[in-house]
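# Chains, contacts and geometry: an overview
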Amino acid sequence: MNTARRWYIYLVSAISLQGMTWAVIALLRNLLAGGGGEVTAIAFEIAAIIITLPLFLVHWLWAQRLADRDINEREASLRGIYHYGMMAGFLGPVIANAFSLIAFILWVAVGRPGYDPSFGNERSTLEEILYNLIAIIVCTLLWFYQKRVVAEDVKSAPESDGFATMRRFYLFVFSAWGMTMTTMSVIHTIRWIMFEVGRSSSVLGGGVGYLTDEVARLIVGVPLWLLFWRYAQSLFSGPSISERESALRKFYLYTTVFVAALTAVTNATGILAGLFRRILSLPSQGDIRTPLPIIIGMALLWVFHAFLLKDDASHSAESVKQGGVRRLYLYLIAAIGLAAFLVGLSGNLSMLIRSFSQSFGDALKESLAWFTAALIAGLPVWLLPWRQAQNEAVALTADGVEARRSTVRKIYLYFYLFLATMTVLSSAVYVLYRLLSLMLGERGESNLISGIAQAVAYSLVGIGVWLYHGSALRGDGDSSRRELALRLKDVRVAIVDVGDAGFGQSLLSKLQQEEPSLNFELISLPESNQESMQAIPAKLSSAGVIVGPWSIAVEGGAINSESARVVVNGSARKILIPARVNGWDWAGVDLWNTEELVQQTVRAVRQWAGGEEIKAVRPMGIGGIIGTAIGVLILLLLLIIPLVSFFLGGF
């Protein structure tokens, strides 16, 4: 089935099935659950069912007939999106209505009225139960039907990567939903206990009635979380390698750890700020019983998923994509921790300088409490993931190479280099502006010294950040060079020159200049000496890498048959050059001149030496040049406009 037709069939099927489902639910609610039985509403719902049902059947049977004819259709990613999207569309309302139903039953069970028109509830207790139960029954039946169709598809044909990805996404979304409901219930219950213990009346309002929603959330959330997570765990523990190498699983786990850690640390910062406020004799604000349950709940979530990550690592090796997800998590945590630490450090420096020119009143004390809390909370949040990431990056191993080459690491380092540079730039401009204003006779500012001192302090912080992250980048370069020298110390690179106007000699000179640590040997053909010709197969077979025109790998090409067989069958890495030969053409390969071929070959050797995938680099086209120029102009405007606005506003 072509893609456009597939999109059409599944979109119409999804829309018509969902429309029919909710028309049936609305009709049953109108008739059985106190909907009022209005004629117009009932007519509309019946009309919707009459139209959507045949529309769905026609398109769904069409899709099924095509799937029966072509087994590949059952493996299509779009079919997987439809299946799991519809299952989610049915299961979501089941969960929401089950929560409402259980909460209502518990509410009535603790003696609260089930019928109270003053709160907009005009349904009786039975009607309220039926209202939720109708949606649960209808959506559950359709969910089971959709699940059976998925099982038949999987039985008929193995899952494609796209189909399996949608299944994982479906599992982790509902696992996350159940986990969120459970965590919220635990947090709210702990908070209720803290407020209620030792009190004769409820502080939160509602007493035991307050817990009805939390108990309902727990009753729905725990089974939902356990069912979906245990199923995901069973797949991980099964025979499928793709399940153990799934990047989506790692993304789910690391995202959970990240959110839990960030929430716990943020609330801990608030508690620290309150502690410092008390130390500085400031009036207390808030109540520790509000953030403390959040810290407890999120800490439990953090520890549990950190244990799962450790358990995953003990059962299977980390794939490249999983490593990328892990590094993203580490650098996100480190970036947030360092930002909090720098804000706290800069703020405390500012408070210290301002205290010399004004009294240390409540305003400064308030700022000092928050900045100190941010500094203390941010430091470990930065150091712990940063040390882990840095230890991996300095290792002279394949993992170390991957870590140093990681895009997220480069973004992290260059982001803070950019931030530090902009801080120093803006501070230097401010200091110079104030000094020039003073030289030109401006005497109106009373806080000149403190303003300049703050700018200098910010510059020193920026310089420290710039030097530290610059040294990390230089360390990456040093580690890469040491790893390269260690890995390639015994590798010999054979350059085969077939006599194309000194091409081999030019290539050798350039490679020796670009990669002096490698051992190169030039093999020139044809050799006039018969003994030298006989030695060529031995030289080629002992080489770790063979670089030469493509014709050396073809019998009857540029070299004799024995040498060509050594090139083809040998274990050496082959880097072949698409040199032009009369009667031979290359599809998709540009017509390079000798100088360009040398440059491309040198780049290919360097990519191989660095452990990268070998890719051709083409010169930037006119569109790329124009786009780059526009980007540079926009960046300059973004930097210049604030400065101009500052000076115009200042004068």
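Worth saying up front: this structure is predicted, and the values here are computed from it rather than measured. (Residues numbered from 1 in each chain as written. Predicted model: local features only at pLDDT ≥ 70, side-chain atom pairs only at ≥ 80, totals over all residues. Heavy atoms only, no water.)

### Brief notes about the packing of aromatic side chains
Aromatic ring pairs are described here by two measures, namely the spacing of the ring centres and the angle between the planes. Here is the rule: Any two of the Phe, Tyr and Trp rings considered here, Trp counted by its six-membered ring, make a pair once their centres fall within 6.5 Å; the pair's planes then place it as stacked at under 30 degrees, edge-to-face at over 60, or tilted in between. Labels follow the DSSP assignment, with helices taken as runs of H or I lasting at least four residues and strands as runs of E lasting at least two, numbered in each case from the N terminus. Buried means the residue's accessible area, taken with a 1.4 Å probe over protein chains only, is under 20% of the maximum for its type, while exposed means over 50%, and partly exposed covers the values in between. Charges are assigned to positions over rings by a cutoff of 6 Å between ring centre and Lys NZ or Arg CZ, combined with an angular limit of 35 degrees from the ring normal.
The tally for this structure, following the rule as stated, stands at 25 aromatic pairs. Both rings, one in Y170 and one in F228, keep their centres 5.6 Å apart while their planes meet at 70 degrees; by these two values the pair is edge-to-face. Here F228 lies in helix α7 (residues 211–237) and Y170 lies in helix α6 (residues 161–196), a separation of 58 residues in the sequence. In this structure Y170 comes out as buried when scored by relative accessible area, which is 6%. Chaining the aromatic ring pairs together yields one cluster made of Y331, F341, W382, W386, Y412, F415, Y416 and Y468. Above the face of the Y131 ring, R29 is positioned so that its terminal group lies 3.7 Å from the ring centre.

### Concerning a nonpolar patch on the surface
Heads up, the rule is: In this scheme, patches are assembled from residues that exceed 30% relative accessible area and form no salt bridge. Like charges are connected within 9 Å, while nonpolar side chains (Val, Leu, Ile, Met, Phe, Trp, Tyr) are connected within 5 Å. Values of accessible area rely on a 1.4 Å probe in the Shrake-Rupley scheme; residue burial ignores everything except the protein chains shown. By salt bridge we mean one thing: a side-chain nitrogen of Lys or Arg within 4 Å of a carboxyl oxygen of Asp or Glu.
Taken together, V456, L460, I463, W466 and L467 make up a surface patch of nonpolar side chains, about 470 Å² in accessible area. Following the sequence through the fold, W466 ends up in helix α15 (residues 448–487).

### Considerations on the environment of V605
For clarity, the threshold we go by: The contact criterion used is simple: two residues touch if any of their non-hydrogen atoms lie within 4.5 Å.
With respect to the element layout, V605 can be found in helix α19 (residues 594–609). With 91 residues separating them in the primary sequence, V605 and E514 have C-alpha atoms 9.8 Å apart. Among all residues touching V605, those that are not within four sequence positions of it are L511, L518, V547 and I575.

### Description of the pairing of strand β3 (residues 545–549)
The test is simple: Strands qualify as paired when DSSP identifies two bridges or more between them.
In terms of burial, β3 is largely enclosed, as five of its five residues are buried. Both strand β1 (residues 492–497) and β3 contribute to a ladder of three bridges, which runs parallel. Residue pairing in the sheet places A494 in a bridge with I546 of β3. By the bridge criterion, five bridges tie β3 to strand β4 (residues 573–577) in an arrangement that is parallel. In the strand pairing of β4, V547 is matched with I575.

### Focus: the packing of helix α13 (residues 398–405) against helix α14 (residues 407–439)
Put simply, the rule is: Note on geometry: axes are C-alpha line fits, over the in-contact stretch for helices, and angles between N-to-C directions span 0 to 180 degrees. What sets the label is the angle itself: under 35 degrees gives roughly parallel, over 145 gives roughly antiparallel, 65 to 115 gives roughly perpendicular, and the rest give oblique. Classification convention: Asp, Glu, Lys, Arg as charged; Ala, Val, Leu, Ile, Met, Phe, Trp, Tyr, Cys, Pro as nonpolar; all other residues, Gly among them, as polar.
Taken N-terminus to C-terminus, the directions of α13 and α14 make an angle of 50 degrees; their axes are 5 Å apart at the nearest point. When the axes of α13 and α14 are compared, the pair comes out oblique. Contacts between α13 and α14 pair A403, R404 and R405 from the former with T407, R409 and K410 from the latter. The class makeup of the residues in the contact of α13 with α14 is one nonpolar, one polar and four charged.

### Thoughts on the side chain of T182
Cut-off, in case you're wondering: In protein, a polar contact means a hydrogen-donor-capable atom and an acceptor-capable atom, both N or O and within 3.5 Å, with residues adjacent in sequence counting only if both atoms are side-chain atoms; elsewhere, any N or O pair within 3.5 Å suffices.
Considering the arrangement of structural elements, one finds T182 in helix α6. On the basis of relative accessible area, T182 is assigned to the buried category, the value being 9%. Of the polar contacts made by the side chain of T182, one reaches the backbone nitrogen of V222; its length is 3.4 Å. In this structure, T182 is in contact with L218, G221, V222 and W225, ignoring residues within four places of it in sequence.

### Concerning the packing of helix α2 (residues 39–69) against helix α4 (residues 77–109)
Which entries qualify depends on this criterion: In this scheme, a crossing is called left-handed if the near helix is turned counterclockwise away from the far one by less than a right angle; it is called right-handed if the turn is clockwise.
The interhelical angle for the contact between α2 and α4, taken along N-to-C directions, is 135 degrees, at an axis separation of 13 Å. Between α2 and α4, the angle falls in the class oblique. Judged by the twist between their axes, the crossing of α2 over α4 is left-handed. Across the interface between the two elements, F56, W60, A63, Q64 and A67 of α2 pack against R79, Y82 and H83 of α4.

### Digging into the nonpolar core
Threshold: The term nonpolar core refers to a set of buried residues drawn from Ala, Val, Leu, Ile, Met, Phe, Trp, Tyr and Cys, joined through side-chain atoms within 4.5 Å.
Counting residues in each nonpolar core, the largest one holds 88 residues, and the members touching the most others are Y82, L91, Y170, W229, W386 and Y412. The residues contacting Y412, other than those within four sequence positions of it, are Y331, A334, A335, L338, W382, W386 and H469. Of all hydrophobic cores here, the second largest spans 18 residues; its members include L508, L518, I575 and V605.

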